[in-house]
Structures are given as structure tokens and as C-alpha cells.
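# Residue-level structure breakdown
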Amino acid sequence: APAARFAWPISGPIRRGFKPRGTAGHHDGIDITAARGAAARSIAAGTVIFAQPEPEQFGNLVVVDHGDGWHSAYGSLERITVKQGDKVGKGERVGLIGNTSVTGKTELHFELRKDGKPVDPIGELPKTP
């Protein structure tokens, strides 16, 4: 099989999966349970285009532009460890897991978008973390 384009941002049980928009309880990403302070890592090389609190929903949020229309988002972080404009490599830390999103759970809220549309990350990530 070809090498996956993306790596997992963190390994842990998926507490809540992706549900497409227009379905009941739609959810644009996946929530991965992890220990507070664990590292969230960029799924591929790219440029940080957002790295600040997003108090409405995501808590501390980092968004990375991977080119080719792909963006990944890392929410609910306790601490952001990159700045807007930073270049990050695949597997490079972008933040530390916390519980700053609306759920109040210690987890990573992770989203993947292609050309601005949410995509189920499970279809794009390797089978196992």
C-alpha cells in the first residue's frame, strides 16, 4: 500500500467520530482522548496559519496549511507551542492536549479539510496510529 500522506496527530481512543453536515449531531472532526499535556503533532509538513484561542467552540486552536487545498485543525489544546507563520514538519509538535473546548473533556479535537470542506480524517489517516 502507498505510504499515507498524513500521520495521526496523537494516538488514543476516538471518543467521537466524524458525522457529515446535514446529519443529526453533525461533527466536523474526530475527538481523540489523550492525557493532559500529551503532544499533538502535525499530520504532515505545512505552515501554521492560525494559532490562538477560539473561545466559541475549539478552545486553543492551531490550523496548519499543508498545500494542495488540505488544512488540519487541532483544538482543545491546553497550550499552543507554535506561532502563526511557523513551518512545521510531519510529526512536529503543535500543542499540548487539554480541555479548553466546549466539551470540557481532555482530548484533541481534530479536523481535516480539503478545499474548505470537512473530510472524515479516518479515511485519510493510516489504519492505526
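Scroll up a little and you will see the structure.
Here's a quick rundown of the structure.

What counts and how
Residues numbered from 1 in each chain as written. Predicted model: local features only at pLDDT ≥ 70, side-chain atom pairs only at ≥ 80, totals over all residues. Heavy atoms only, no water. Helix = DSSP H or I, 4+ residues; strand = E, 2+ residues; numbered from the N terminus. Rg over C-alpha atoms; globule rule 2.2 N^0.38 Å. Buried < 20%, exposed > 50% of the residue type's maximum accessible area, 1.4 Å probe, protein only. Contact = heavy atoms within 4.5 Å. Areas by Shrake-Rupley, 256 points an atom, 1.4 Å probe, with all protein chains shown as cover. Lys, Arg positive; Asp, Glu negative; His and termini not counted. Charge placed at Lys NZ, Arg CZ, Asp CG, Glu CD. Pairing = 2+ DSSP bridges.

### So, the overall build of the chain
- When you go through the chain residue by residue, the secondary structure sums to zero helices and 10 strands.
- If you list the helices and strands of the chain from N to C, you get β-β-β-β-β-β-β-β-β-β.
- For the chain, whose C-alpha radius of gyration is 13 Å, the value lies close to the compact-globule estimate of 14 Å for 129 residues.
- In the chain, buried positions account for 41% of the 129 residues.
- Considering only residue pairs separated by 6 or more positions, the chain has 58% of its internal contacts joining residues 24 or more positions apart.
- When the accessible surface of the chain is split by element, carbon and sulfur atoms take 52% of a total near 6,500 Å².
- For the chain, the distance from the average position of its 17 positive side-chain charges to the average position of its 14 negative side-chain charges is 4 Å.

### A look at the environment of L96
- Along the chain, L96 turns up in strand 8 (residues 93-97).
- Assessed through its relative accessible area of 11%, L96 is described here as buried.
- Considered as a pair, L96 and G123 are 27 residues apart in the sequence and their alpha carbons are 25 Å apart.

### Some words on unusual backbone geometry
- Residues other than glycine seldom take positive phi values, yet D68 does so here, at roughly 65 degrees.
- For D68, a relative accessible area of 61% gives the class exposed.
- Phi at D115 takes a positive value of approximately 55 degrees, unusual for a residue other than glycine.
- Looking at the secondary structure, you find D115 in the loop between strand 9 (107-114) and strand 10 (117-119).

### As for the pairing of strand 9
- Of all eight residues in strand 9, six are buried, a share of seventy percent or more.
- In this structure, strand 2 (residues 29-33) lies alongside strand 9, joined through five bridges in antiparallel fashion. Pairing of G29 across the sheet is with E111, part of strand 9.
- Two strands pair when backbone bridges link them, and strand 6 (residues 70-80) and strand 9 are joined in this way by six bridges, in the antiparallel orientation. By the bridge assignment for strand 9, A73 is matched with E111.
- Here strand 9 pairs with strand 10 via three bridges, running antiparallel. By the bridge assignment for strand 10, K114 is matched with K117.
- What sits between the antiparallel neighbours strand 9 and strand 10 is a turn of two residues, in which D115 has the positive phi angle 55 degrees.

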